[in-house]
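Coordinates in review
Read off the chains here:
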Amino acid sequence: PYPSLSIEEMRLRIQSVRDHFGKKLVILAHHYQRPEIVELSDIRGDSLQLAQYAASQKDADYIVFCGVHFMAEGSDILKRGNQTIVLPDLGAGCDMADMADADDVEEAFEQLIDVVGHESIMPVTYINSTAALKAFVAKKGGMICTSSNAHKIVSWALKERKILFFYPDQHLGRNTAKQLGISPNNMNIWNPKKPFGGLEKENIKQTQVMLWQGCCPVHMMFSAKQIDLIRAKDPEYKIISHPECSMEVVDKSDFAGSTDFIVKTIANSPSGSKWAVGTELNLVNRIAKENPDKSVISINPFMCLCGTMNRIDLPHLTWALEEIAKGTAKNVIEVHEPTRSLAKQALLRMLEMSI
Ligand code: 13P
Ligand code: SF4
């Protein structure tokens, strides 16, 4: 169904749909989107900003989400009124979100209760998770976090109950808890394929932070050794990484934070600064282009594009917009009840705590 047209023609056709709808149609883009998609978007941002935007939209009838599936789901859950949320390619999932199936999490939670009791466990899920997992966490009195509010929310969770159970990203969970003073010795990884996560019951009882065995394959491409090599070549390079990187990488970085934090930190640095960045390559290349007076490189320039984010391209966007214009919107993302109300409760609570 995707048009095979020149880039210029696709741009013109996209623009013509946008002109037709005006403010009734908005295109949101995550920072990892291809440059040609970001150029055409109305709003770009990190996961928290895009969720906040979706929750505040009243005028748009259509939100075209250039990002991955969990982000479009979040937008549908938080939308105001009758908006239609479209993900231009349904294959744009998040490998990390797929690592925590809500049923597996529920089973693990029950096993943990067997050992430590219900009142002891606070579940927290990273926003990179399915709506079903968000709903489960809401049912258990837990929370959702993003990379930009993780510090605040994990700090709250640690005060509320004895054990924090963090899904799906072990690295964001570990890095955040460590920054809050928890020793990695008091953290354990829960392997969902093994009974009791593959852990001894005595070991479970001593755990303060239980980490689901999930990760982002893109952020696993950065290593402490690559940072050492960059510093050995030129010690003027400052290292900035996303907290989905391993603890070794984050510990060696000068700064760590969300995609938006990375964009702003480099933009606000003095002219002539040198930065090596540990996050997705589309974003690193864009920061380099937008900061021509600075040197901006990737910690690892190979293999760190997010393949699923990249699925959204001009042919998919042209097709999705033209289907909307014909009145036959395709790839509409809808979260149904009761998942919707539960996940919404948890997302709104997170937004409230992020102010
Ligand atoms: P941010 O919320 O920092 O944009 O991260 C989203 C993500 O998927 C990073 O891999
Ligand atoms: Fe998911 Fe990793 Fe891609 Fe982010 S970069 S969307 S966590 S797979």
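The structure displayed is predicted, hence computed values, not measured ones.

A few words now on the overall build of the chain. What the chain contains, in helices and strands, is 15 helices and 13 strands. Expected size for 355 residues packed as a compact globule is a radius of gyration near 20 Å; at 21 Å, the chain falls within 12% of this value. In terms of principal-axis extent, the alpha carbons of the chain reach across some 65 × 55 × 35 Å. Looking at the 355 residues of the chain, the share that counts as buried comes to 49%. Considering only contacts within the chain whose residues lie at least 6 apart along the sequence, 68% involve residues at least 24 apart.

With that settled, the discussion passes to the sheet that holds strand β7 (residues 163–167). Reading across from one edge, β6-β5-β7-β9-β8 is the order of the five strands in this open sheet, with parallel pairing throughout. Lying at the two open borders of the sheet, with one neighbouring strand each, are β6 (143–145) and β8 (187–190). Put simply, the sheet's adjacent strands are angled 25° from each other on average, direction ignored. Bridging between β7 and strand β9 (residues 209–212) involves three bridges; their strand directions are parallel. By the bridge assignment for β9, Phe165 is matched with Met210.

What surrounds ligand 2 is the set Val68, Cys94, Asp95, Met96, Asn128, Cys216, Val218, Glu244, Glu280, Cys306, Thr308 and Met309. For the shell around ligand 2, a count of residues per class yields seven nonpolar, two polar and three charged.

We now examine helix α13 (residues 281–290). Every buried residue of α13 is listed here: Leu281, Asn282, Leu283, Val284, Arg286 and Ile287. Taken together, the buried residues of α13 touch α2 (35–40), α12 (259–267), β12 (274–278) and β13 (295–298).

Of all hydrophobic cores here, the largest spans 111 residues; its most connected members are Val64, Phe65, Val124, Cys145 and Leu164. A per-element tally of this core places helix α6 (residues 131–139) first, with six residues. In contact with Cys145, not counting residues within four places along its chain, are Val124, Tyr126, Ile127, Ala150, Ile153, Val154 and Met350.

With that out of the way, let us pick up the site of ligand 1. Lining the immediate surroundings of ligand 1 are His31, Asp46, Ser47, Asn128, Thr146, Ser147, Cys216, His242, Glu244, Ser258 and Thr259. Taken together, the residues of the shell around ligand 1 break down into one nonpolar, eight polar and two charged.

Let us now look at the packing of helix α3 (residues 47–56) against helix α4 (residues 69–78). It is at 8 Å that the axes of α3 and α4 come closest, and there the two elements cross at 30°. By the angle class used here, α3 and α4 are roughly parallel. Crossing angle aside, the handedness with which α3 passes α4 is right-handed. Facing Ser47, Leu50, Ala51, Ala54 and Ala55 of α3, the residues of α4 in contact are Met71, Gly74, Ser75 and Leu78. For the contact of α3 with α4, a count of residues per class yields six nonpolar, three polar and no charged.

So, on to the UniProt feature "binding site: iminosuccinate" (unreviewed entry) in the chain. Mapped onto this numbering, the UniProt entry gives "binding site: iminosuccinate" (unreviewed entry) at His30, Ser47, Tyr126, Ile127, Asn128, Ser147, His242, Pro243, Glu244 and Thr259. Relative to the assigned elements, Ser47 resides in helix α3. The class for Ser47 is buried, based on 25 C-beta atoms found within 10 Å. If sequence neighbours within four positions are ignored, Ser47 has contacts with Met71, Ile127 and Thr146. Tracing the sequence through the fold places Ser147 in the loop between β6 and α7 (150–160). If we skip the residues at most four places from it in the chain, Ser147 touches Asp46, Leu172, His242, Pro243, Gly257 and Ser258.

A few words now on the domain arrangement of the chain. Looking at the chain, the domain boundaries give domain 1 (7–94 + 309–335), domain 2 (97–212) and domain 3 (219–298). The interface of domain 2 with domain 3 comprises 12 residues on the first partner and 13 residues on the second. Its residues assigned to classes, the side of domain 2 that touches domain 3 shows three nonpolar, six polar and three charged.

Turning our attention to the UniProt feature "binding site: [4Fe-4S] cluster" (unreviewed entry) in the chain. Mapped onto this numbering, the UniProt entry gives "binding site: [4Fe-4S] cluster" (unreviewed entry) at Cys94, Cys216 and Cys306. Taken along the chain, the residues just named run across 213 residues; in space they keep tight, none of their C-alpha pairs more than 9.4 Å apart. Tracing the backbone shows Cys94 in the loop between β4 (84–86) and α5 (102–116). Judged by the 23 C-beta atoms lying within 10 Å of it, Cys94 is buried. Contact partners of Cys94, with chain neighbours within four places excluded, come to Val68, His69, Phe70, Asn128 and Thr308. On the basis of neighbour count, Cys216 is assigned to the buried category, with 24 C-beta atoms found within 10 Å. Those residues in contact with Cys216, other than ones at most four positions away along the chain, are Asp95, Met96, Asp169 and Glu244.

What follows concerns α12. For α12, every residue scored as buried is listed here: Thr259, Ile262, Val263 and Ile266. Buried residues in α12, looked at end-on, bunch into an arc of 100°, giving them a common side. On its buried face, α12 is in contact with β10 (238–241), β12, α13 and β13.

Conventions we followed
- Residues numbered from 1 in each chain as written.
- Chains lettered and ligands numbered in written order.
- Predicted model: local features only at pLDDT ≥ 70, side-chain atom pairs only at ≥ 80, totals over all residues.
- Helix = DSSP H or I, 4+ residues; strand = E, 2+ residues; numbered from the N terminus.
- Rg over C-alpha atoms; globule rule 2.2 N^0.38 Å.
- Buried ≥ 20, exposed ≤ 12 C-beta atoms within 10 Å, placed from the backbone.
- Contact = placed C-beta atoms within 7 Å.
- Pairing = 2+ DSSP bridges.
- Axes fitted to C-alpha atoms, helices over the stretch in contact; angles between N-to-C directions.
- Near = placed C-beta within 6 Å.
- Nonpolar A, V, L, I, M, F, W, Y, C, P; charged D, E, K, R; others polar.
- Core = buried A, V, L, I, M, F, W, Y, C linked by C-beta atoms within 7 Å.
- Parallel < 35°, antiparallel > 145°, perpendicular 65-115°, else oblique.
- Left-handed = near helix turned anticlockwise from the far one by under 90°.
- UniProt positions renumbered as here; feature names shortened; annotations may be inferred.
- Domains from an automatic or database assignment.
- Arc of directions from axis to C-beta.

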